[in-house]
Structure formats: C-alpha cells, structure tokens
Amino acid sequence: MAVDELQAIIQRCQILEEADFKGEDFNLFQVAGQKCLEDGYAAQLLEVIQNEKNKVIIKNMGWNLISPLVRCIFMYKQEADKREHCLRILDQLAQLCNPKELFLGLLEQIEQTSGEQVCQTVMLLLQPLQTVLLKLQNKKAYSVGLSLAVIMNQLTPLPVPYTKQQIQEDKLGLCQCCNAVVDFAKPFVNEVVKNMEKSSEYNDMELKEELIKFCMKSLKYPLLTAQLEQLEGIEEHPFRRFATEIIDILWNIRELIPLVFVPNKGKSLPWENQEFADIERKNSTDSLACLSYLMFVQHFGVECFPVVFSPSYLLLCNMTHIEVLLERTEESVLSKGLDLFESCLLRMEDNSLLHPYLEFRVFINVPQNLVKIMTLCPMENMRKKSLNILQLFIDKFDTEGKYTLFRCLLKTSNHAGVEGYIIKNIKDQIHLALTKESDNIWFTGHHLISILDLVLSLPEGAETDLLQNSDRIMASLNLLRYLVIKDCESDNQTGVWTTVDKIKQDFLKPLRVGLNMSKAHYEAEIKNKKENRKEAHSSNPVCSVTVSGEKMPAMTTGMQLQVLHSALFTFDLIESVLARVEELIEGKTKAVMEEN
C-alpha cells in the first residue's frame with residue numbers, strides 16, 4: 001500500500017541527520033508521495049506532512065511533490081475532498097520547504113505547463129510562490145524578476161480576448177490570471193515604496209527595476225492588443241482593471257511620469273548580440289506607446305498628470321508612439337494609434353501648430369502612415385477615420401506648415417485619390433488667401449506657382465493613364481477653373497496668369513491629346529466587343545479585360561461593355577471641365593487684349 005511505503009521511508013529518514021540524506025532517499029520519497037496522491041490517499045499524506053517529527057524531511061524533500069501534486073489537483077476537479085486535501089498540502093509545502101528549492105520547483109512547474117492549463121497552473125501556484133519569495137533573503141529582487149518573467153513568457157502565446165463575448169467567457173482564464181499576477185506583485189511594490197519613503201536616496205534599485213520590466217511587459221502583452229473601451233454589460237472590465245493596476249504600480253514607484261515624458265526612458269540592457277538589442281528596443285517602444293494610449297486616451301492615471309504642458313508639446317511627445325502604433329496592421333493596435341493621434345490633435349486649436357515641427361522626421365512619417373491606412377487598410381472604418389484625422393492634422397498647422405505638408409504629400413502619396421484630396425485642400429487655402437485681408441504669401445504669388453507646378457502636371461504627359469489618375473486630374477482642373485474665375489488677369493493675385501502659357505503647354509495640351517487617344521482606344525474596344533457578341537450570340541462567353549493596367553476578374557461581354565462605357569463617361573466628365581477651363585482662359589485673355 002502506498003501509505004505504508006511512505007511511512008517506511010519516513011521512519012528510515014527520521015533517524016538520519018539532515019546532512020546524511022541521499023539522492024536515493026529523495027527519489028523514494030517522491031515516488032511514494034506521488035503514489036499516495038494518485039491512489040487517493042491525499043489525507044494521509046497531509047497528516048505525514050503536518051507531523052512535527054517530519055519537519056526536517058519535508059523541508060528538504062517536500063518540493064519534489066510539486067509536480068505530482070499539481071497534476072492531482074487538476075485530476076480531482078470533481079472530487080472536492082481530495083482536491084481540498086491537495087490544496088492544503090500545497091499550502092503546507094509553501095510554509096515548510098526550503099524556500100530556494102521550492103522556488104525552483106514552482107517555477108519549473110509553471111515553465112512546463114502549456115495550452116489550456118497555463119492560466120490555471122499559474123493561478124494555482126501564485127500564492128505559494130509569493131509566500132516563498134517573501135521568505136527569501138538573498139537574490140530576492142532577481143527571484144521576483146525571474147518569477148514575473150517566467151509567468152509573462154508563459155502567458156504571452158495565449159490569444160487575448162477581444163470581443164465582449166470573449167472577455168465574458170474568458171475561455172483560457174487569461175483575464176482572471178492577469179489580475180491575479182498583479183495581486184501577486186503587490187507585496188514587492190509595497191516593499192519598494194516603503195524603502196523609498198524611508199530614504200529619499202533609495203539606492204536598492206534592483207527590485208524596482210524588476211517591477212518596471214514587469215510593467216513594460218504587461219503594457220505590450222496583453223494591454224497593447226486588448227479591447228480597453230468600457231463595454232456595456234461588463235461591470236468591471238478585467239483589462240481596464242489590469243491597466244489601472246499597472247499604472248498604479250508605475251506611479252507608486254515614481255516611474256510613471258518619467259516613462260511618459262523622458263525620451264529613451266524605457267530601460268534596456270546592453271546586448272552584445274544586435275538582434276537581441278533590436279528586439280528589446282522594439283518591445284520597449286511598443287510598451288511606451290501603449291502607456292501613452294492608456295494615459296491620453298483612456299485617462300488612466302490622469303489624476304497624476306501635471307497640467308503644465310502645452311498641447312503642441314504633448315503632441316510632440318506622442319508622435320513617436322503614434323508612429324509605432326500606426327505601423328502595425330492588427331485592428332486592435334491600429335485603432336489605438338488613431339485614437340491617440342486624434343486625442344492629441346483635439347487638444348489643439350486650429351492653425352496653432354508651428355511649421356518648424358515638420359523638421360522632426362516623425363511629423364512627416366505619421367501622415368504618410370495615415371495615407372497607407374487610407375489606401376491599403378481592408379477595414380472601411382479605419383480608412384474613413386484615417387482620412388478624418390489627416391484633415392484634422394492639416395487644420396492644426398499654420399499656413400507655412402500646411403504648404404510644406406501639401407508639397408510633401410503630393411510627392412510621396414503615389415495615390416490619385418489622396419493627391420486629389422490634397423489638391424482640394426490647396427484650393428480651400430487659396431480661397432482663404434483671396435477672401436481674407438491677412439497677408440498670406442504661401443498660397444499666392446511665387447510660392448503658389450511653385451506648388452501649382454506639382455498640381456498642374458501629368459506624370460507621363462499625354463500617355464498618362466487618365467482613368468487611374470482621374471481623381472487627381474479632376475481636382476487639378478477644378479482648382480485651375482477656380483483660379484481663372486476668381487483671379488482677374490489685371491489683379492493676378494495668385495500669379496496664375498503669369499504662368500498661363502506654361503500651364504497650357506505642360507498640362508492642358510497633353511491632357512487634351514491623352515483624352516483623345518484614350519477615348520479612341522475605349523470606343524474601338526467597345527466596337528470590338530459588340531461585334532464579338534454578335535458573332536457568339538448563341539453563347540454567353542466569359543473572358544477578361546484589362547482596365548487601368550489591371551486585369552479584371554472574368555466577366556461576360558455585357559459586364560465588360562458596362563465597364564468600358566463607365567470609363568468613357570469618366571473621360572467625358574474630364575473633357576467637359578477641360579473645355580470649360582480652356583474657354584475661360586481664352587475668354588479672359590481675349591477680353592484683356594481688347595481692353596488694351
């Protein structure tokens with residue numbers, strides 16, 4: 001019987017001195033203890049462990065029971081008495097075993113678990129692990145840091161619940177586990193706080209550094225990808241509670257404000273391997289970006305926030321974080337970047353952001369990231385939000401800033417729709433310059449002529465793909481039409497009349513040639529399709545067609561004709577505006593000549 005075998009080993013070890021225990025004794029104790037647990041004799045094993053005479057034996061050998069004990073606790077889920085005995089054994093081992101040996105045994109057990117049992121195992125062992133760590137005298141900070149690192153490494157591969165239903169179900173127990181880990185860390189936070197209060201020159205930084213590392217890891221996972229909006233029907237959102245606790249830890253150990261406002265504060269170890277150094281730097285930037293989102297969008301820790309910074313300085317502090325978030329493709333991270341950017345911009349008044357900010361590379365990179373989202377993101381709500389935020393960003397700059405930003409986006413966006421949108425903004429700024437009394441030098445005169453050279457041009461002259469560039473071409477023609485109507489040749493406030501011959505030669509003439517070629521090509525294509533359809537009237541052939549340089553999906557002849565007619569309609573639209581512009585220029589030029 002398993003209990004008899006255990007008693008025999010206990011009696012043999014009771015007469016030995018602690019130093020005389022051999023490896024064989026450890027193995028026999030572990031095997032007999034495991035057999036007791038598996039055969040349902042947990043109550044008898046508990047009695048053995050609680051017996052004062054066995055104190056020395058349990059102190060040295062008890063940690064060997066951790067692995068079979070954890071297995072049996074999960075095995076006895078439906079048997080309350082046996083499970084309760086196992087839990088009491090675990091508690092006794094935490095009190096009686098050698099702290100160093102038990103610490104390693106507990107960590108090893110956490111490291112060995114995987115899949116669905118990760119969170120259950122971590123939550124089961126957190127209390128005994130905390131008890132052991134509080135007993136440790138040497139290398140306590142290192143041991144706390146190692147424990148938190150092992151736990152977070154085990155949790156990180158688990159998917160983060162995102163939807164309301166997933167959060168409520170908490171299938172793997174991640175939500176519950178994250179908050180349990182924070183509670184586990186609290187005694188060590190209190191220790192750091194207590195020591196800092198005793199001395200203003202608190203020198204024992206090791207434990208504090210380990211807690212900072214834990215907070216940084218928590219910010220990257222799970223908080224960076226977690227849904228943190230308040231959800232209806234969830235009284236206490238688990239990830240919001242977790243975020244609050246992480247912010248509180250950073251505030252209590254006096255690291256919150258430095259992490260938010262001091263550049264390069266995310267501490268990193270010196271790595272000889274550059275690849276490891278790059279990984280840590282990336283992790284640090286992700287964590288700090290998430291921290292800024294928590295503070296400036298979700299307002300965690302807002303009561304700690306010093307109200308002394310200007311909105312433009314807050315934007316400057318956050319632009320690197322915004323860039324980091326907008327470079328990601330996950331919806332949960334991307335939305336945080338857009339929300340953080342929007343939050344910073346809404347704090348500012350229109351026209352208050354000074355143009356020298358564009359000398360910071362990040363102020364150019366971020367709008368370029370917005371353009372990528374607007375044109376490439378598969379989620380419509382993200383594309384629309386990016387467009388709104390781009391407009392908000394444009395509105396905040398002073399006149400020179402707007403001018404510089406427009407030039408940059410026209411040169412880098414490589415998307416006709418975006419270029420058309422920028423050209424519309426240029427038109428709005430010209431309108432303001434012409435209707436307001438303020439002296440606006442950036443959207444009149446030689447500065448305007450310089451940007452019109454970018455606007456009123458065709459990338460490949462007459463051979464430009466007019467269909468693909470139709471948004472840009474229509475916006476350019478509308479701008480030119482506005483200039484010709486609004487600015488009399490005698491006034492020439494914008495300077496457009498000085499360069500009208502160049503505009504005719506470089507833009508209007510090649511556009512007219514391109515339109516004629518394109519229309520002829522598409523009309524011929526329509527004619528061919530109609531003839532082919534007559535020949536193959538009995539069947540309904542399916543074939544493909546190339547429009548704007550891209551091969552379209554297989555379509556019937558009727559569908560192809562519909563597409564081709566749509567292209568012709570676009571050309572007619574461009575031609576009608578072009579004709580009106582040519583007519584206006586000709587009319588005004590003729591009127592001035594007659595007047596002279």
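Residues numbered from 1 in each chain as written. Predicted model: local features only at pLDDT ≥ 70, side-chain atom pairs only at ≥ 80, totals over all residues. Heavy atoms only, no water.

*Asks:* Would you mind going over the overall build of the chain with me for this structure?
*Replies:* Secondary structure summary: the chain contains 25 helices and four strands in total. Taken over 596 residues, the chain has a buried fraction of 50%. Across the chain, the fraction of contacts at a sequence separation of at least 24, relative to all contacts at a separation of at least 6, is 74%. Taken as a whole, the chain presents about 29900 Å² of accessible surface, with 50% of it coming from carbon and sulfur. (Helix = DSSP H or I, 4+ residues; strand = E, 2+ residues; numbered from the N terminus. Buried < 20%, exposed > 50% of the residue type's maximum accessible area, 1.4 Å probe, protein only. Contact = heavy atoms within 4.5 Å. Areas by Shrake-Rupley, 256 points an atom, 1.4 Å probe, with all protein chains shown as cover.)

*Asks:* How do you make sense of the confidence of the model for the chain when you look at a structure like this?
*Replies:* Close inspection of predicted coordinates is inappropriate in any region flagged by low pLDDT. The share of residues in the chain with pLDDT of 70 or more is 87%, and the mean pLDDT across the chain is 86. Between residues 265-271, whose pLDDT stays under 50, and residues either more than four places distant or in other chains, the model counts 15 contacts. (pLDDT = per-residue confidence, 0-100.)

*Asks:* Is there a simple way to explain helix 5 (residues 66-75) in this structure?
*Replies:* Count 3.6 residues to each turn of an α-helix, and residues three or four apart come out pointing the same way. With seven of 10 residues buried, helix 5 is to be regarded as a mostly interior element. Looking only at helix 5, the buried set comprises Ile66, Pro68, Leu69, Val70, Cys72, Ile73 and Phe74.

*Asks:* What's the story with the packing of helix 20 (residues 399-412) against helix 21 (residues 416-435) in this structure? I'm lost.
*Replies:* If you want to describe how two helices pack, look at the angle between their axes and the distance between the axes. Contact geometry for helix 20 and helix 21: axes closest at 10 Å, N-to-C directions at 155°. Between helix 20 and helix 21, the crossing angle belongs to the class labelled roughly antiparallel. The handedness of the crossing between helix 20 and helix 21 comes out as left-handed. Two secondary-structure elements touch here, helix 20 through Lys402, Phe406, Leu409 and Leu410 and helix 21 through Glu419, Ile422, Ile423, Asn425, Ile426 and Gln429. Here the contact of helix 20 with helix 21 is composed, by residue class, of six nonpolar, two polar and two charged. (Axes fitted to C-alpha atoms, helices over the stretch in contact; angles between N-to-C directions. Parallel < 35°, antiparallel > 145°, perpendicular 65-115°, else oblique. Left-handed = near helix turned anticlockwise from the far one by under 90°. Nonpolar A, V, L, I, M, F, W, Y, C, P; charged D, E, K, R; others polar.)

*Asks:* Mind showing me how you'd approach the packing of aromatic side chains here?
*Replies:* Each aromatic ring pair is specified by the distance between its two centres and by the angle formed by the two planes. By the definition in use, this model includes 15 aromatic pairs. An aromatic cluster of at least three residues, connected via ring pairs, comprises Phe341, Tyr357, Phe360, Phe363, Phe393 and Phe397. The ring of Tyr293 is capped by Lys336, whose NZ or CZ atom sits 5.5 Å from the centre of that ring. A cation sits over an aromatic face here: Lys427 above Tyr482, 5.3 Å from the ring centre. (Phe/Tyr/Trp six-rings, centres within 6.5 Å; stacked < 30°, edge-to-face > 60°. Lys NZ or Arg CZ within 6 Å of the ring centre and 35° of its normal.)

*Asks:* Looking at this structure, I do not really get the pattern of salt bridges. What am I missing?
*Replies:* Note on pairing: side chains with opposite charge can pair once their charged atoms come close. A full pass over the atoms with the stated rule returns 26 salt bridges. For Lys502, the salt bridge goes to Asp506, with nearest N and O atoms at 3.3 Å. Highlighted residues: Lys502 and Asp506, both in helix 24 (residues 500-535), separated by four residues, approximately one helical turn. Lys502 sits in the partly exposed class, given a relative accessible area of 43%. Residue Asp506 is classed as partly exposed on the basis of its relative accessible area of 39%. Salt bridges linked by common partners bring Arg512, Lys519, Asp572, Glu575 and Glu582 together as one network. (Salt bridge = Lys/Arg side-chain N within 4 Å of Asp/Glu carboxyl O.)

*Asks:* I'm lost on the side chain of Ser343 in this one. Help?
*Replies:* As for its placement among the helices and strands, Ser343 is situated in helix 17 (residues 331-346). In this structure Ser343 touches Phe296 and Val297, once residues within four positions along its chain are discounted.

*Asks:* For this particular structure, what's the right way to read the environment of Leu314?
*Replies:* For Leu314, the position within the fold is in helix 16 (residues 311-326). Given a relative accessible area of 5%, Leu314 falls into the buried group. Between the C-alpha atom of Leu314 and that of Phe296, which follows or precedes it by 18 residues, the distance is 9.3 Å. With residues near it in sequence (within four places) discarded, Leu314 still touches Phe261, Phe296, Phe305, Phe309, Cys344 and Arg347.

*Asks:* What exactly am I supposed to notice about the packing of helix 17 against helix 19 (residues 380-396) here?
*Replies:* The contact between helix 17 and helix 19 brings their axes to 10 Å, and the two run at 25°. As far as their axial angle goes, helix 19 and helix 17 are roughly parallel. Here helix 17 and helix 19 pass one another in a crossing that is left-handed. In this structure, helix 17 contributes Glu331, Ser335, Leu338, Asp339, Phe341, Glu342, Leu345 and Leu346 to the contact, and helix 19 contributes Asn381, Met382, Lys385, Ser386, Ile389, Leu392, Phe393 and Lys396. Taken together, the residues of the contact of helix 17 with helix 19 break down into eight nonpolar, three polar and five charged.

*Asks:* Before we go on, may I ask you to explain unusual backbone geometry in this structure?
*Replies:* Peptide bonds are mostly trans, and most non-glycine residues show a negative phi. Cis peptide bonds are those with omega within 30 degrees of zero, and the linkage from Tyr221 to Pro222 qualifies with 10°. By the element assignment, Pro222 lies in helix 12 (residues 206-223). Although it is not a glycine, Arg254 sits at a positive phi angle of roughly 65°. Along the chain, Arg254 falls in the loop between helix 13 (238-252) and helix 14 (256-261). Residues other than glycine seldom take positive phi values, yet Asn414 does so here, at roughly 55°. Residue placement: Asn414 occurs in the loop between helix 20 and helix 21.

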